[in-house]
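Fold and geometry: a report
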Amino acid sequence: EAGVAQSPRYKIIEKRQSVAFWCNPISGHATLYWYQQILGQGPKLLIQFQNNGVVDDSQLPKDRFSAERLKGVDSTLKIQPAKLEDSAVYLCASSDGGESSYNEQFFGPGTRLTVL
Amino acid sequence: AQSVTQLGSHVSVSEGALVLLRCNYSSSVPPYLFWYVQYPNQGLQLLLKYTSAATLVKGINGFEAEFKKSETSFHLTKPSAHMSDAAEYFCAVSVSNDYKLSFGAGTTVTVRA
């Protein structure tokens, strides 16, 4: 089966510019996650969707970050305006959300963002 | 809230030597524990998971991990390192009420020829 797809793979922008990332989860997976991975750290959950509804966005900096999952399939994460500290890899993951799989998450290759 | 601590941000081993990566967890309820591997410029790939069945868990690529409740540990081992094992490894914990993953800071493994 096809894995989680993300684009672009790399993005370089100036601070105060805006940027958007796209994620297409594994077909049939109801749950979608966006993580931020700063160099030298483990991934940190930004937002979790169940179908097209938000389950948890407590760690999302809502003054500059936004995310949507229209129609419960693919998702976009936007940053506007970007700050230097937003430089990181943004990982998308999906799961079937089922207890039988212990909600195993499958990760995409990530988008590496550099803010200059 | 649950958390994990990975001891050692960097481990260097010789090819053919034992690989041992340490992970300790904190959780007020029975945890589920995971080890992920991340190769350069790639996403995370699941190596193995503990879900309250056998305490010794075997994963892909010859890795295994043992859940020790008394020590709150879930250390990852591989008897003989291969050059292809050079990567970053993350330990993660979740619990059954929400299954959200909390990751450790990661351990980078380098393998010397």
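Look a little higher up for the structure.
Attention in this report is confined to the structure presented alongside it. Just so you know, these numbers come straight off a predicted model, no measurement behind them.

**Here we look at the overall build of chain B**
The helix and strand tally for chain B stands at zero helices and eleven strands. For chain B, the C-alpha radius of gyration of 13 Å lies close to 13 Å, the compact-globule estimate for 113 residues. When its C-alpha atoms are laid out on the principal axes, chain B stretches across 45 × 30 × 20 Å. For chain B, the residues scored as buried account for 47% of the 113 residues in total. Of the contacts formed within chain B by residues at least 6 apart in sequence, a portion of 56% connects residues at least 24 apart. Carbon and sulfur atoms provide 52% of the accessible area of chain B, an area that totals close to 5,200 Å². A distance of 4 Å separates the average location of the 8 positive side-chain charges in chain B from that of its 7 negative side-chain charges.

**What to know about the packing of aromatic side chains**
All names here are of chain B. One pass over the structure, following the stated rule, counts 14 aromatic pairs over all chains. Relative to F67, the ring of Y25 lies with its centre 5.8 Å away and its plane at 25°, an arrangement referred to as stacked. Of this pair, Y25 sits in strand β3 (residues 19–26) while F67 sits in strand β7 (residues 64–68), and the two are 42 residues apart along the sequence. Classification of Y25 by relative accessible area gives buried; the value is 9%. Seen from their ring centres, F90 and F103 are 6.4 Å apart, and the 90° between their planes marks the pair as edge-to-face. Taken together, the positions of F90 in strand β9 (residues 87–95) and F103 in strand β10 (residues 102–103) put the pair 13 residues apart, joining distant regions of the chain. Of the residues examined, F90 reaches a relative accessible area of 0% and is grouped as buried. A residue is classified by how much of its surface remains accessible, and F103, at 12% relative accessible area, is buried.

**Considering the sheet that holds strand β6 (residues 56–58) of chain B**
All names here are of chain B. Taken together, the five strands give an open sheet; going across it, the order is β1-β3-β8-β7-β6, and neighbouring strands pair in antiparallel fashion. Whereas interior strands pair on both sides, the edge strands pair on one side only; in this sheet they are β1 (3–7) and β6. In this sheet, neighbouring strand axes are inclined to one another by 20° on average, regardless of whether the strands run parallel or antiparallel. Of the strand pairs in this sheet, β3 and strand β8 (residues 73–78) are connected by four bridges, and their pairing is antiparallel. Directly across from L20, in β8, lies its bridge partner T77.

**Focus: the environment of A:I13**
Residues and elements named next belong to chain A. Tracing the sequence through the fold places I13 in strand β2 (residues 10–13). Taking C-alpha positions, I13 is 6.2 Å from L116, a pair spaced 103 residues apart along the chain. Beyond its immediate chain neighbours, meaning those up to four positions away, I13 contacts S18, V19, A82, L113, T114, V115 and L116.

**Comments concerning the pattern of salt bridges**
Counting across every chain of the model gives six salt bridges over all chains. Across the pair A:E104 and B:K49 runs a salt bridge, and its minimum N-O distance is 3.2 Å. You can see A:E104 sitting in the loop between β9 (88–95) and β10 (106–107) and its partner B:K49 sitting in strand β5 (residues 44–50), one on each of two chains.

Thresholds, definitions, all that
- Residues numbered from 1 in each chain as written.
- Chains lettered and ligands numbered in written order.
- Predicted model: local features only at pLDDT ≥ 70, side-chain atom pairs only at ≥ 80, totals over all residues.
- Heavy atoms only, no water.
- Helix = DSSP H or I, 4+ residues; strand = E, 2+ residues; numbered from the N terminus.
- Rg over C-alpha atoms; globule rule 2.2 N^0.38 Å.
- Buried < 20%, exposed > 50% of the residue type's maximum accessible area, 1.4 Å probe, protein only.
- Contact = heavy atoms within 4.5 Å.
- Areas by Shrake-Rupley, 256 points an atom, 1.4 Å probe, with all protein chains shown as cover.
- Lys, Arg positive; Asp, Glu negative; His and termini not counted.
- Charge placed at Lys NZ, Arg CZ, Asp CG, Glu CD.
- Phe/Tyr/Trp six-rings, centres within 6.5 Å; stacked < 30°, edge-to-face > 60°.
- Pairing = 2+ DSSP bridges.
- Axes fitted to C-alpha atoms, helices over the stretch in contact; angles between N-to-C directions.
- Salt bridge = Lys/Arg side-chain N within 4 Å of Asp/Glu carboxyl O.

Taken by themselves, the reported measurements are silent on function.
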